[in-house]
Amino acid sequence: MDLNPATTTGTVSKLIQELSRLPGIGPKSAQRLTYYLLRAPNEQAKALAEAMINLRQKTQLCSGCFNIADSDFCPICRSDERDQSKICVVEQPQDILALEHIGTYKGLYHVLHGAISPTEGVGADDIRIKELLERLKGSQVDEAIIATNPTLEGEQTAMYLNKLISPLGFKVTRLARGLPFGTELEYADDVTLTHALEGRQEF
Ligand SMILES: [Zn+2]
């Protein structure tokens, strides 16, 4: 390597420092990744940097479901092959990835971007509940599947949503128990998630 240590030390440690702030990456992994990138082909390092910049500059929230999208509407909302009679309500965009990965659900989604948590000061107005109710009005939806995480916050949110949505005449279901309490949907394995979805029960 022909880099001058006197000028690169700061640059190298800056990347190590930034990487080690990422979830699941400790200082050792951050170091390994940094030195890997230092030796990787130029195009690879550049592609990674561009992807990271684009992630923030070229994405927005879908105007329909609040999933991450590259344009006004995400591919799921744009698709005419999705079952318009079902809407699956999740906490985070990555929960859609987990559910899409099992491949059996063909309905719509709605991303709340959080869960009600009085201890953390997150109220019903802080997540996309109003938007969900607006969306349900005049929609073709007949079943709302509440797929919030099986955590205290997720359960509270599910109960709250059921109280709001059931009286409007929609069938409201909840993912089956089987997902261990405290787990997050995005980390559930495919088999467990498939059973939870198939075994969903009405409130
Ligand atoms: Zn969408």
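For the structure, check the block above.
Read on for an overview of the structure. (Residues numbered from 1 in each chain as written. Predicted model: local features only at pLDDT ≥ 70, side-chain atom pairs only at ≥ 80, totals over all residues. Heavy atoms only, no water.)

1. Describing the nonpolar core
- Ranked by internal contacts, the top residues of the largest apolar core, which has 24 residues, are Cys88, Val90, Leu99, Leu175, Leu185 and Leu193.
- Secondary-structure elements contributing two or more residues to this core are strand 3 (83-90), helix 5 (93-102), strand 4 (107-111) and helix 8 (190-198).
- Ignoring sequence-local partners within four residues, the contact set of Leu185 consists of Val90, Asp95, Ala98, Leu99, Ala147, Asn149, Leu175, Leu179 and Leu193.
- By size, the runner-up hydrophobic cluster in this structure holds 19 residues, among which are Leu108, Val141, Leu161 and Phe170. (Core = buried A, V, L, I, M, F, W, Y, C linked by side-chain atoms within 4.5 Å. Buried < 20%, exposed > 50% of the residue type's maximum accessible area, 1.4 Å probe, protein only. Helix = DSSP H or I, 4+ residues; strand = E, 2+ residues; numbered from the N terminus. Contact = heavy atoms within 4.5 Å.)

2. Section: the environment of Ile145
- Here Ile145 shows up in strand 5 (residues 143-146).
- With 37 residues separating them along the chain, Ile145 and Leu108 place their C-alpha atoms 9.9 Å apart.
- Apart from the residues within four sequence positions on either side, Ile145 is in contact with Lys86, Ile87, Cys88, Val89, Tyr105, Thr173, Leu175, Leu197 and Arg200.

3. What about the sheet that holds strand 3?
- The mixed open sheet is built from five strands, whose spatial order is 4-3-5-6-7. The sheet is open, and its two borders are formed by strand 4 and strand 7 (201-202), each paired with just one other strand.
- Contacts between helix 6 (residues 129-136) and the sheet are confined to strand 3 and strand 4, with strand 4 contributing the most and set at about 150 degrees to the helix. (Pairing = 2+ DSSP bridges. Axes fitted to C-alpha atoms, helices over the stretch in contact; angles between N-to-C directions.)

4. Remarks on the coordination of the zinc ion
- Here the zinc ion is held by Cys62 (SG), Cys65 (SG), Cys74 (SG) and Cys77 (SG), and the distances to it run 2.3 Å.
- Taken together, the four donor atoms coordinating the zinc ion span angles of 103 to 116 degrees at the metal, a pattern that classifies the geometry as tetrahedral.
- Mapped onto the sequence, the residues coordinating the zinc ion show the spacing C-x2-C-x8-C-x2-C. In this pair, Cys62 is assigned in the loop between strand 1 (60-61) and strand 2 (68-69) and Cys77 in helix 4 (residues 75-78), connecting sequence segments 15 residues apart. (Donors = N, O, S within 2.8 Å, 3.2 Å for Na, K, Ca; no water. Tetrahedral: all angles 85-135°; square planar, octahedral: opposite > 155°, others 65-115°.)

5. Observations concerning unusual backbone geometry
- The backbone of Phe66 shows a phi angle near 70 degrees, a positive value even though the residue is not glycine.
- Mapped onto the elements, Phe66 comes out in the loop between strand 1 and strand 2.
- The phi angle at His113 is positive, at roughly 60 degrees, despite the residue not being glycine.
- Relative to the assigned elements, His113 resides in the loop between strand 4 and helix 6.
- In this structure His113 comes out as partly exposed when scored by relative accessible area, which is 26%.

6. A few points about the pattern of salt bridges
- Here the structure, examined in full by the defined rule, presents nine salt bridges.
- Ionic pairing is found between Asp83 and Lys86, a salt bridge with its closest N-O pair at 3.8 Å.
- A residue is classified by how much of its surface remains accessible, and Asp83, at 30% relative accessible area, is partly exposed.
- We note a salt bridge from Lys137 to Glu134, for which the minimum N-O separation is 3.2 Å.
- Given the relative accessible area of 53%, Glu134 is considered exposed. (Salt bridge = Lys/Arg side-chain N within 4 Å of Asp/Glu carboxyl O.)

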